[in-house]
Amino acid sequence: MLCPDALSQTEQDRFWMQHAITLAEKAESQGEVPVGAVLVHQNGLVAEGWNQTIQSHDPTAHAEVVALRAAGQAWQNYRLVDLTLYVTLEPCPMCASALVHARIKRLVFGAADPRTGSAGSLMNLVQHEHLNHQMAVTSGVMADQTGEMLSRFFKKRRQAQKQAREARQKP
């Protein structure tokens, strides 16, 4: 998959974020938290991932890590220099650290995560001055859409949990 080079950086960011949103929808259809991630090099798709923690019984199978693993295999290297990661939700500390270790050049994310966000919301691991690598960050790309997707998912989950509790309490 290629993004047209004639697009502005903002349009390219929206193009790839839309692809990440499609992957987030795939995660949701599988019962996972709807987060999708895409790794891009020179406007071409290198790898993609979506949350798979529940189905794989793997707490590290966040969308970003799944995409990093696929890119490492595709490039036959654990250093993913000059890649841009597009992800629908701001990375957590685990994912932010993995991005630093992989030497990702640029991070673009949609919705901020005030509880665990590690690219500026709660903390900023991806640009921490004491780490050996920092990356450029663009936040808020299609944030309304990505944030709404997550809000809707968790609202449904809370409603289902409430209904299950009420069903257990009936005589």
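Residues numbered from 1 in each chain as written. Predicted model: local features only at pLDDT ≥ 70, side-chain atom pairs only at ≥ 80, totals over all residues. Heavy atoms only, no water.

Looking at an unreviewed UniProt entry, one finds the protein named tRNA-specific adenosine deaminase, with Hydrogenovibrio thermophilus as its source organism. Looking at the protein in UniProt, the text filed under Catalytic activity (unreviewed entry) is "adenosine(34) in tRNA + H2O + H(+) = inosine(34) in tRNA + NH4(+)". The record held by UniProt for the protein lists under Subunit (unreviewed entry) the comment "Homodimer." (UniProt positions renumbered as here; feature names shortened; annotations may be inferred.)

Student: Would you mind going over the environment of Ser139 with me for this structure?
Tutor: By the element assignment, Ser139 lies in strand β5 (residues 136-139). Judged by relative accessible area, which is 48%, Ser139 ranks as partly exposed. Considering only alpha carbons, one finds Ser139 and Ala112, 27 residues apart in sequence, at a separation of 7.5 Å. (Helix = DSSP H or I, 4+ residues; strand = E, 2+ residues; numbered from the N terminus. Buried < 20%, exposed > 50% of the residue type's maximum accessible area, 1.4 Å probe, protein only.)

Student: Just checking my understanding: could you explain the sheet that holds strand β2 (residues 44-50) for this structure?
Tutor: With mixed pairing, the five strands of this open sheet are ordered in space as β2-β1-β3-β4-β5. Where the open sheet ends on each side, the last strands, each with one partner, are β2 and β5. Pairs of neighbouring strands in the sheet enclose a mean axial angle of 15°, with direction left out of account. Pairing of strand β3 (residues 84-89) with strand β4 (residues 106-111) involves five bridges; the strand directions are parallel. Looking at β4, one finds that Val87 is bridged to Phe109. (Pairing = 2+ DSSP bridges. Axes fitted to C-alpha atoms, helices over the stretch in contact; angles between N-to-C directions.)

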